Amino acid sequence: MTYFTGQPGAEIRRRKMAALITQLAPDNGYTQSALQDVRFLRSDVSIQQTPVLYEPSIVIVCQGRKRGFWGEEIFLYDAQHFLVVAVPLPFVSQTEASQQEPMLAVALRLDFQVLADVLMTLEIPVSRGSMPVSMTSTPLDDPLGESVIRLLSALQSPQEARVLGTGLIREIYYRVLTGAQSATLRAALAQQGHFAQVSKALRMLQMRYQARFDVTGLAREVGMSVAAFHAHFKAITQMSPMQYLKSVRLHQARLLMVRGGISAAAASAEVGYESPSQFSREFKRFFGRSPVQEALYMQEILQLSPAVGLTG
């Protein structure tokens, strides 16, 4: 299957990126690079719509195709489009791939301190006039594509990654901040307004998902009324605060079972559930499979060895 229909020069760039990622990520699933904030994703099978949780990141697919379903919107990210997620965001993802043409992607976790530094260097003001978009997909242009190739090339060598990596990530941030997605990231960096307040709450829920939270306490923590907090939280994430917390817990539990091989009961306790039966009900409602079925399915998709202790 072929998904690319762009110009010949862009096709050459895509092939270079695919060859580099193939060397860096020989196995299915996520592969950590030599840089903490950069990892690769490979899949040689198509994956139907499944809930995922993305950190704030830039995601560039050079082969295969992914779609993100967020509310009523559909975001395409493939060899011609890249995705920017401005806040930790759960949505539904679909992957189109095959053994002959695996899906290959690189994800850069956003470092907002570096982004802010690049923004100050550019002397471009942060956007304060409107609510930023939480997730956007736009065409991948030549300057950004060439910057990504330079980063992937440097990651082939631990020494080059160590010496050049930080500067190359900064170059990619520059390309994004001066491109079509600039307004979204500039608004996300604004340290005032409802977006920043909700972002603070999202970070709290991400970091302390095992803890007990309530909407009143969260609103107080970020300095908003309960009504305003609930309304703006839903506008940014398309779900309520408690629905968001539940999705984070369930995603973390799935990761613990798939990667750590612990039982569903242990995973439910680890992520903050007091009732294993409630966890199992909510997990099946969310993922469409029981905890054990989902863990075994993901291990099969990612071609992982069955995890010891995956029961209950």
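Bear in mind the structure is a predicted one, so any value in this text is a computation, not a measurement.

(A) Region of interest: the overall build of the chain. Across its full length, the chain holds 12 helices and 10 strands. Taking all 312 residues of the chain together, the buried fraction comes to 52%. In the chain, 74% of the contacts between residues at least 6 apart in sequence involve partners at least 24 apart. Of the accessible surface of the chain, which amounts to about 14,600 Å², a share of 52% is contributed by carbon and sulfur atoms.

(B) The arrangement of the layout of surface pockets in detail. There is about 240 Å³ of room inside the second largest pocket. Among the secondary structure elements, those contributing two or more residues to the lining of the second largest pocket are helix H9 (241–260) and helix H11 (276–287). Per element, the largest residue contribution to the lining of the second largest pocket is four residues, and it comes from H9. Residue classes in the lining of the second largest pocket are distributed as five nonpolar, four polar and five charged.

(C) Quick peek at the packing of aromatic side chains. A full pass over the atoms with the stated rule returns eight aromatic pairs. For the pair Tyr273 and Phe279, a centre-to-centre distance of 5.3 Å together with 70° between the ring planes defines the contact as edge-to-face. Since its relative accessible area comes to 10%, Tyr273 is described here as buried. The exposure class assigned to Phe279 is buried, which follows from its relative accessible area of 0%. An aromatic cluster is present here, built from Tyr273, Phe279, Phe283, Phe286 and Phe287 joined pairwise through their rings. The ring of Tyr30 has Arg39 lying over it, and the distance from NZ or CZ to the ring centre is 3.8 Å. In this arrangement the basic side chain of Arg289 is found over the ring face of Tyr297, its NZ or CZ atom lying 3.8 Å from the centre.

About the criteria used
- In this convention, every chain numbers its residues from 1, walking through the sequence in written order.
- Given that this is a predicted model, residues contribute local features only at a pLDDT of at least 70 and side-chain atom pairs are listed and counted only at 80 or more, while totals for whole chains, interfaces and linings are drawn from all residues.
- Each side-chain value is worked out from all heavy atoms of the structure, with water and hydrogens disregarded.
- Helix and strand definitions follow DSSP, with helices as H or I runs of at least four residues and strands as E runs of at least two, each counted in order from the N terminus.
- The cut-offs for exposure are 20% and 50% of the maximum accessible area for each residue type, with area from a 1.4 Å probe on protein chains only; residues under the lower value are buried, those over the upper are exposed, and the others partly exposed.
- We call two residues in contact whenever any of their non-hydrogen atoms come within 4.5 Å of each other.
- Note on areas: Shrake-Rupley, 1.4 Å probe, and residue coverage restricted to the protein chains presented here.
- A cavity here means a set of 1 Å grid points, computed over protein atoms only, where a 1.4 Å probe fits but cannot escape. A pocket is an open set with protein on both sides within 12 Å along at least 5 of 7 lines, and lining residues have an atom within 4 Å of a point.
- Grid points are joined across faces, edges and corners, and a volume is the space filled by probe spheres set on the points.
- Any residue outside Ala, Val, Leu, Ile, Met, Phe, Trp, Tyr, Cys, Pro, Asp, Glu, Lys and Arg is labelled polar, Gly included; the first ten of those are nonpolar and the last four are charged.
- Only the six-membered ring of Trp is used, alongside the rings of Phe and Tyr, when aromatic pairs are assigned; centres must lie within 6.5 Å, and planes under 30 degrees apart are stacked while those over 60 apart are edge-to-face, with the rest tilted.
- By the criterion adopted, a ring carries a charge over it if an Arg CZ or a Lys NZ lies within 6 Å of its centre and within 35 degrees of its normal.

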